[in-house]
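# Report on the structure
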Amino acid sequence: GAGVSQSPRYKVAKRGQDVALRCDPISGHVSLFWYQQALGQGPEFLTYFQNEAQLDKSGLPSDRFFAERPEGSVSTLKIQRTQQEDSAVYLCASSPWGGNTGELFFGEGSRLTVL
Amino acid sequence: AQRVTQPEKLLSVFKGAPVELKCNYSYSGSPELFWYVQYSRQRLQLLLRHISRESIKGFTADLNKGETSFHLKKPFAQEEDSAMYYCALAQGGSEKLVFGKGTKLTVNP
């Protein structure tokens, strides 16, 4: 009965490096979300998948951010040419339904520090 | 645009005292409101949603459309209630949640 799993839990990158953050949702969950949480702030929406389809990517801050979920299960958030302002906790969440319920199951997050 | 405001960054009460965590929202349609909680060293989790009209761990929240508020209340706070609390809004028909900045509640013995 594992919950949402994210890796790595901690990542330190030098400015300009590319990073990839992985999310394993709860098995069978249709919807998958990525949120960015800066220090002292609430989670901010980045992007949303329903199965393999990326239905909303309006929150991605720049074209350096890219997310995929090719088989409708595991998802990867990639950040190219990282900048210091990308330092944050990246949260992944999944939900079992394709409808509007509001109950998201969150992972523990991946904390990215860009030096 | 949708916006959720939690005016108190920090809130401190004594055990047994009533507690109210404030949440105001800005949204022109029919919102769905939620409270999420994050206990120390645990992941963010749903506490309650307004459509359920339920009480969870003694907490209740009433949606007041006139005041555009969804304050979280508990009559007698317990030490184990100490946590970060986030109010969140979903636009009707969307699964996307917009979160407030959170309130850190500390319940002192």
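Note that the structure is predicted; figures quoted are calculated from it, not measured.

Right, let's talk about the sheet that holds strand β3 (residues 19–24) of chain A for a bit. Residue and element names in this part refer to chain A. Across the sheet, 4 strands lie side by side as β1-β3-β8-β7; this open sheet has antiparallel pairing. The open sheet has two edge strands with one neighbour each: β1 (5–7) and β7 (65–68). In this sheet, adjacent strand axes meet at a mean angle of 15° when their direction is disregarded. Sheet analysis places β3 next to strand β8 (residues 75–79), joined by 5 bridges and oriented antiparallel. In the strand pairing of β8, C23 is matched with S75.

The final tally for this structure, using the stated rule, is 11 aromatic pairs over all chains. Arranged with centres 5.6 Å apart and planes meeting at 50°, the rings of B:F59 and B:Y85 form a pair that is tilted. Of the two residues, B:F59 is situated in the loop between β6 (45–49) and β7 (60–61) and B:Y85 in strand β9 (residues 83–90); the sequence distance between them amounts to 26 residues. Residue classification places B:F59 among the buried residues on the basis of a relative accessible area of 0%. By way of ring pairs, the aromatic residues A:F33, A:Y35, A:F45, A:Y48, A:F106, B:Y36, B:Y86 and B:F99 are connected into one cluster.

This part takes up the pairing of strand β5 (residues 44–50) of chain A. All names here are of chain A. Within β5, 5 of the 7 residues are buried, which leaves the element mostly enclosed by the surrounding structure. With 6 bridges joining them, strand β4 (residues 31–37) and β5 adopt antiparallel strand pairing. In the sheet register, F33 faces β5, and the bridge partner there is Y48. Once β4 ends, the chain turns through 6 residues before running back antiparallel as β5, passing G40 with a positive phi of about 80°. As judged from the 3 bridges shared by β5 and strand β6 (residues 53–56), these two strands associate in the antiparallel manner. Paired with Q50 across the bridge in β6 is A53.

To continue, consider the interface of chain A and chain B. Listed by partner, the interface residues are 27 residues for chain A and 20 residues for chain B. Its salt-bridge partner being A:E103, residue B:R49 comes within 3.1 Å of it at the nearest N-O pair. At the junction of chain A with chain B, the criterion picks out 9 residue pairs in polar contact (both at pLDDT 80 or more). Only β4 and β5 of chain A provide two or more residues apiece to the side of chain A that touches chain B. Among the elements that take part in the side of chain A that touches chain B, β4(A) stands out by supplying 4 residues, more than any other.

Calculation notes
Residues numbered from 1 in each chain as written. Chains lettered and ligands numbered in written order. Predicted model: local features only at pLDDT ≥ 70, side-chain atom pairs only at ≥ 80, totals over all residues. Heavy atoms only, no water. Pairing = 2+ DSSP bridges. Helix = DSSP H or I, 4+ residues; strand = E, 2+ residues; numbered from the N terminus. Axes fitted to C-alpha atoms, helices over the stretch in contact; angles between N-to-C directions. Phe/Tyr/Trp six-rings, centres within 6.5 Å; stacked < 30°, edge-to-face > 60°. Buried < 20%, exposed > 50% of the residue type's maximum accessible area, 1.4 Å probe, protein only. Contact = heavy atoms within 4.5 Å. Salt bridge = Lys/Arg side-chain N within 4 Å of Asp/Glu carboxyl O. Polar contact = N/O pair within 3.5 Å; in protein donor to acceptor, adjacent residues only side chain to side chain.

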